[in-house]
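Structural description and commentary
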Amino acid sequence: MAEETQTAEEAGSAEATVAAETNTPTEVKPEGMAVLGALSEIPAAPVETASPPEPKIDRQGRAYATGRRKNAIARVWIKRGTGQIRINGRDITTYFARPVLQMVLRQPFETAERTGEFDVVATVVGGGLSGQAGAVRHGISRALTNFEPNLRPALKAGGFMTRDPRVVERKKYGKAKARRSFQFSKR
């Protein structure tokens, strides 16, 4: 036991002589809660701030986006203009005759406070008129965020950026429709 203490003392003195020869202080490692205090003394790495997103505009000054609703798919191009909306080569009032559907298409512009500032050209296929109007609205919203990325929070808060996932439920075998059973007959 006495020999072990001597070797430990000799080892400690050997470290002191090595430190004295190199003229560098011995490194003290913190333990326990002192480790957390030592971490706060370490300078933090500089945080890179994200640059604002760039607009995605083609050579003709248009922004493109695809919108979907039910079985309808709409390809939408927007550019600065007078507020004219053309669907499949026809004016909005002839393609979507119901005022409710026309209102649905204008909602993203009203939310973003850009009414009458953009011309819209859209081609839409599939589904019925209601699904097509929803698809064009979704496409207009996405195209607006491509044209002006800072409009995204307002459009997202209005629920225009989310694709409505509701679709027609498929028919199951052994059933008349998706859930409707055949008429029951006791005999």
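Everything below is about the structure shown above.
Description of the structure in this document. (Residues numbered from 1 in each chain as written. Predicted model: local features only at pLDDT ≥ 70, side-chain atom pairs only at ≥ 80, totals over all residues. Heavy atoms only, no water.)

**Section: the environment of Ala-122**
Relative to the assigned elements, Ala-122 resides in strand β5 (residues 118-125). Of the residues examined, Ala-122 reaches a relative accessible area of 1% and is grouped as buried. Setting aside chain neighbours within four positions, we find Ala-122 in contact with Arg-75, Val-76, Arg-86, Ile-87, Asn-88 and Val-136. (Helix = DSSP H or I, 4+ residues; strand = E, 2+ residues; numbered from the N terminus. Buried < 20%, exposed > 50% of the residue type's maximum accessible area, 1.4 Å probe, protein only. Contact = heavy atoms within 4.5 Å.)

**Overview of the packing of aromatic side chains**
The tally for this structure, following the rule as stated, stands at 4 aromatic pairs. Ring centres of Tyr-64 and Trp-77 lie 5.1 Å apart, and the angle between their planes is 45°; on these two criteria the pair is classed as tilted. One end of the pair, Tyr-64, is in strand β1 (residues 63-69); the other, Trp-77, is in strand β2 (residues 72-80), and 13 residues separate them in sequence. What makes Tyr-64 partly exposed here is its relative accessible area of 36%. A ring pair is formed by Tyr-95 and Phe-96, whose centres lie 5.0 Å apart and whose planes are at 85°; its orientation type is edge-to-face. Owing to a relative accessible area of 13%, Tyr-95 belongs among the buried residues under this scheme. Assessed through its relative accessible area of 0%, Phe-96 is described here as buried. Feature note: the residues Phe-109, Phe-118 and Phe-147 constitute an aromatic cluster, connected by ring pairs. (Phe/Tyr/Trp six-rings, centres within 6.5 Å; stacked < 30°, edge-to-face > 60°.)

**Let's talk about unusual backbone geometry**
One non-glycine residue, Lys-70, lies in the positive phi region at around 50°. Checked against the element boundaries, Lys-70 lands in the loop between β1 and β2. Lys-70 sits in the partly exposed class, given a relative accessible area of 39%.

**Points about the pattern of salt bridges**
For the structure on display, the rule yields 8 salt bridges. Its salt-bridge partner being Arg-80, residue Glu-117 comes within 3.2 Å of it at the nearest N-O pair. Here Glu-117, found in the loop between α4 (99-112) and β5, pairs with Arg-80, found in strand β2; they are 37 residues apart in sequence, far enough to count as distant. Among the residues examined, Arg-80 registers a relative accessible area of 45% and is labelled partly exposed. Note that Lys-172 and Glu-169 form a salt bridge whose closest N and O atoms lie 2.6 Å from each other. (Salt bridge = Lys/Arg side-chain N within 4 Å of Asp/Glu carboxyl O.)

**Side note on the sheet that holds β5**
Judged by pairing direction, the sheet is mixed, and its 5 strands sit side by side in the order β1-β2-β5-β3-β4 without closing on themselves. The two strands at the open ends of the sheet, each matched to only one other strand, are β1 and β4 (90-91). Here 3 bridges tie strand β3 (residues 85-87) to β5, and the two strands are oriented parallel to one another. In the sheet register, Ile-87 faces β5, and the bridge partner there is Ala-122. Contacting β1, β2, β3 and β5, helix α5 (residues 129-147) runs over the sheet at an angle of about 145° to β1. (Pairing = 2+ DSSP bridges. Axes fitted to C-alpha atoms, helices over the stretch in contact; angles between N-to-C directions.)

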